[in-house]
Amino acid sequence: MIMDRFARQQVLPGFGKEAQEKLKHSKILVIGAGGLGCPALLYLAAAGVGTIGIMDGDMVSLSNLNRQILFGESDLGLNKAETAAHFLKSKYSDIHIDCIPEFITTENAAPVISKYDLILDGSDNFPTRYLVNDICVLLKKPLVFGAIYQNQGQVGILNAKDSNSVNYRDLFPDPPTAYEIPNCNETGVLGVLPGIIGTIQATEAIKFITGFGSTLIDKMLFYNLLDHQSYEVGLNKNPDAHLSMPNTIAEFMEVDYAVVCGNGDSINWVEAIGLLKKFPDGKLIDVREKDEAPRLKKIKHLSFPVSEIEETIGVLNSIDPVLLFCQSGIRSLKTVKILEKAFPGKKIHSISGGIEALDSPINKNYHGN
Amino acid sequence: MIKVKAFGMVAEKIRTNELELQYMPDTEVLLGFLHQQFPDLKHIKFSLAVNRKQAVGKTMIPLGAEVALLPPFSGG
């Protein structure tokens, strides 16, 4: 028997040369070479996946080094995709590594993703996760999802086969707002957690490609580092999943995922009232002109018409969060964008549907008339 | 009785990752009870599973069932 670097997996019962050939001819894109992406990339490359794409526009920083195990002190300030690609190429000459040193956007997503058979999401924020899910649905690409929160992880295979497969929006139709879920930078993480979850992602990708074992297709596995408990949930199709999802590539390219996912996002009236209770420095502001009806009566608010925004902008200095509403939610969303440029870091929201949305049954207690 | 298992931020809001509650017939009644007991839960989005199957919309809860409260994670 000829010894090659895959000898140990080729003699594994149920895997063998056939599975190895499937890996060799597979093309996997890893989005994000971070805590999840680093271990996933190391194992996919070691296993002999023939083509691996690495997509990340971020630079290596010192606080990454507890978990992003492809990088070391000499890599600080370097692009993660380029550094990871360079390292993996130096280890293995028999696989092809594509380096894409950019963040994924609605512009570059379709041309990049369409080149691969399977996508592994190792990103670290909701805008990217919803963007990646939606383009994978549109391009019919299986998606190995993985994410962490403090000491817990989630992993599963989404959009595995056809339109009957579940996607991320079947489980979570709409993204949380910026207030709901802090990210890793705010909550901390032990480096081994993304190591475990990223390794499970690589495992699932290898099993999916080769047909080895049973996979987490249409399932979400929850894992807790503190006690090693895991909890597997079977996922179902959700009629709400399609409400917020783009139906075509053209629609996809029009979506502003940062806005959709809470960075200057739209919130509903119930969330707005909740924020006003929670944050004493928060204010509700009507950005319509003063003669527009109906006026809001039951909820305390300020009136700063868009036409006078330049004169009144200074008042916003001491207000945080700023909650804007108009007639239907369009002008207030545009105003959010203007104010975000003037006040980077301030939490500024538009109330979706505007004052007209107060007519919905859930909001009737707040209606002014 | 119903066993409730909570994950991620939901477990933080209800200050435990496991609860035992009196029987409730469906997920809407359960959610109403949880929102009343733990008002902070109103401000976060999460999905539910009954006996390890994702519950979409109002779902019956069988006697002795286990209900999981599943928030999205985004970190990586």
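Refer to the structure presented above.
The structure presented is a predicted model; accordingly, all values stated were derived computationally and were not measured.

Visitor: Is there a simple way to think about the overall build of chain A in this case?
Guide: Secondary structure assignment for chain A yields 14 helices and 13 strands. Its C-alpha atoms give chain A principal-axis dimensions of roughly 85 × 45 × 45 Å. The buried share of chain A, taken over its 369 residues, is 54%. Considering only residue pairs separated by 6 or more positions, chain A has 68% of its internal contacts joining residues 24 or more positions apart.

Visitor: What should I look at first to understand the overall build of chain B in this one?
Guide: Helix and strand counts for chain B stand at two helices and five strands. Rg of the C-alpha trace for chain B: 12 Å, near the compact-globule value of 11 Å for 76 residues, within the 12% margin. Projected onto the principal axes, the alpha-carbon positions of chain B cover approximately 35 × 25 × 20 Å. With 76 residues in all, chain B has 54% of them scored as buried. Per element, the accessible surface of chain B, about 3,500 Å² overall, is 51% carbon and sulfur.

Visitor: Help me understand the side chain of Gln327 of chain A in this model?
Guide: Residue and element names in this part refer to chain A. With respect to the helices and strands, the residue Gln327 is situated in the loop between strand 12 (322-325) and helix 14 (330-342). Polar contacts involving the side chain of Gln327 include one to the side chain of Arg288, which spans 2.6 Å. Sequence-distant contacts of Gln327, defined by excluding residues within four places in its chain, comprise Arg288, Glu292, Ala293, Pro294, Gly353, Gly354, Ile355 and Glu356.

Visitor: Looking at this structure, how should I read the sheet that holds strand 9 (residues 266-267) of chain A?
Guide: Sheet strands pair via backbone hydrogen bonds, and the direction of the pair is either parallel or antiparallel. Residues and elements named next belong to chain A. Here five strands make up an open sheet; going across it, the order is 9-13-12-10-11 and the pairing parallel. Whereas interior strands pair on both sides, the edge strands pair on one side only; in this sheet they are strand 9 and strand 11 (302-303). The pairing of strand 10 (residues 283-286) with strand 12 spans four bridges and is parallel. Residue Lys283 lies in a different strand from strand 12, and its bridge partner there is Val322. Against the sheet, helix 14 engages strand 9, strand 12 and strand 13 (348-351), with an angle of about 175° to strand 13.

Visitor: Help me understand the interface of chain B and chain A in this model?
Guide: For an interface, size is often stated in terms of accessible area lost upon the parts coming together. Across the boundary between the two partners, chain B contributes 23 residues, which contact 43 residues of chain A. Between chain B and chain A, the buried area comes to about 2,900 Å², and carbon and sulfur atoms account for 56% of it. If you sort the residues of chain B by the area they bury against chain A, Gln54, Phe73 and Gly76 of chain B come out on top, with a joint share of 26%. Taken together, chain B and chain A are joined by one salt bridge. Note that Lys45 of chain B and Glu271 of chain A form a salt bridge whose closest N and O atoms lie 3.5 Å from each other. Our enumeration of links across chain B and chain A arrives at 17 residue pairs in polar contact (both at pLDDT 80 or more). Those elements giving two or more residues to the side of chain B that touches chain A turn out to be helix 1 (8-14), strand 3 (47-50), strand 4 (53-55) and strand 5 (66-70) of chain B. Per-class residue counts for the side of chain B that touches chain A are ten nonpolar, seven polar and six charged.

Visitor: Sorry if this is basic, but what is going on with helix 2 (residues 16-24) of chain A here?
Guide: Residue and element names in this part refer to chain A. Gly16, Ala19, Gln20 and Leu23 are the residues of helix 2 that are buried. Projection of helix 2 onto a plane perpendicular to its axis shows the buried side chains occupying an angular sector of 105°, all on one side. Among the exposed residues of helix 2, those oriented more than 90 degrees off its buried face are Lys17 and Glu18. The secondary structure elements touched by the buried residues of helix 2 are helix 1 (7-10), helix 3 (37-47) and helix 9 (192-210).

Visitor: What's the story with the nonpolar core in this structure? I'm lost.
Guide: By size, the foremost hydrophobic cluster in this structure holds 61 residues, and its most contacted members are Leu29 and Ile119 of chain A together with Leu30 and Leu69 of chain B. With six residues, helix 6 (residues 126-139) of chain A is the largest single contributor of residues to this core. Residues within four places of Leu29 of chain A in sequence aside, it is in contact with Gly53, Ile54, Met55, Ile100, Val112, Ile113, Tyr116, Leu118, Ile119 and Leu120 of chain A. Ala45, Val144, Ile148 and Ala205 of chain A belong to the second largest nonpolar core, which has 45 residues in total.

Visitor: Help me out: how do you make sense of the side chain of Lys5 of chain B in this one?
Guide: Within the secondary structure, Lys5 of chain B sits in strand 1 (residues 2-6). Within the structure, the side chain of Lys5 of chain B is placed 3.2 Å from the side chain of Glu18 of chain B, a separation counted as a polar contact. Every residue in contact with Lys5 of chain B, bar those within four places of it in the chain, is listed here: Gln229 and Tyr231 of chain A together with Asn17, Glu18, Glu66, Val67, Ala68 and Leu69 of chain B.

Visitor: Where do I start with unusual backbone geometry in this structure?
Guide: The general pattern is negative phi for most residues beyond glycine and trans for most peptide bonds. Residues and elements named next belong to chain A. In this model, Ala293 is joined to Pro294 through a cis peptide bond whose omega is 0°. The step from Asp320 to Pro321 runs through a cis peptide bond, and the omega angle for that step is 0°. Phi angles above zero are rare outside glycine, and Gln150 is one such case at about 50°. Inspection of the secondary structure assignment puts Gln150 in the loop between strand 5 (143-149) and strand 6 (152-158).

Visitor: Can you help me understand the pattern of salt bridges in this one?
Guide: Proximity of charged atoms lets side chains of opposite charge pair with each other. The tally for this structure, following the rule as stated, stands at 16 salt bridges over all chains. In this structure, Lys207 of chain A and Glu204 of chain A form a salt bridge, with 2.9 Å as the shortest nitrogen-oxygen distance. On the criterion of helical spacing, the pair formed by Lys207 of chain A and Glu204 of chain A is a turn pair, its members being three residues apart in helix 9. For Lys207 of chain A, a relative accessible area of 16% translates into the label buried. Arg52 of chain B is the partner of Glu66 of chain B in a salt bridge, and the nearest nitrogen-oxygen pair spans 3.7 Å. On the criterion of sequence distance, the pair formed by Glu66 of chain B in strand 5 and Arg52 of chain B in the loop between strand 3 and strand 4 is long-range, its members being 14 residues apart. Given the relative accessible area of 15%, Glu66 of chain B is considered buried. Of the residues examined, Arg52 of chain B reaches a relative accessible area of 36% and is grouped as partly exposed. Through salt bridges with shared partners, a single network forms among Lys3, Lys5, Glu18, Arg52 and Glu66 of chain B.

About the thresholds
- Each chain has its residues counted from 1, following the order in which its sequence is written.
- Following the order in which they are written, the chains are lettered starting with A and the ligands numbered starting with 1.
- The model is predicted, so local features are restricted to residues of pLDDT at least 70 and side-chain atom pairs to those at 80 or more, both for listing and for counting; the totals for chains, interfaces and linings are taken over all residues.
- Neither water nor hydrogens contribute to the side-chain values; these are computed over all heavy atoms in the structure.
- Here a helix means four or more residues in a row that DSSP labels H or I, a strand means two or more in a row labelled E, and each is numbered from the N terminus.
- Using a 1.4 Å probe on the protein chains alone, a residue whose accessible area is under 20% of its type maximum counts as buried, one over 50% counts as exposed, and one in between counts as partly exposed.
- Here a residue-residue contact requires only that any non-hydrogen atoms of the pair lie within 4.5 Å.
- Every radius of gyration here is taken over C-alpha atoms, with the globule rule written as 2.2 Å times N^0.38, N being the number of residues.
- Values of accessible area rely on a 1.4 Å probe in the Shrake-Rupley scheme; residue burial ignores everything except the protein chains shown.
- Pairing of N or O atoms within 3.5 Å defines a polar contact, subject to two protein rules: one partner must be a possible hydrogen donor and the other a possible acceptor, and residues neighboring in sequence count only if both atoms are side-chain atoms.
- The rule for pairing is simple: two strands pair if DSSP sees at least two bridges between them.
- With axes taken as lines fitted to C-alpha atoms, and helix axes fitted only over the stretch in contact, angles between N-to-C directions fall between 0 and 180 degrees.
- For any pair of parts, buried area is found by adding up, for both, the accessible area (1.4 Å probe) each one loses once the two are put together.
- Any carboxyl oxygen of Asp or Glu that lies within 4 Å of a side-chain nitrogen of Lys or Arg is treated as forming a salt bridge with it.
- Following the grouping adopted for this structure description, the nonpolar residues are Ala, Val, Leu, Ile, Met, Phe, Trp, Tyr, Cys and Pro, the charged ones are Asp, Glu, Lys and Arg, and the polar ones are all others, Gly among them.
- Here the arc refers to the directions that run from the helix axis out to each C-beta atom.
- The set of buried Ala, Val, Leu, Ile, Met, Phe, Trp, Tyr and Cys residues whose side-chain atoms join them within 4.5 Å is what this entry labels a nonpolar core.

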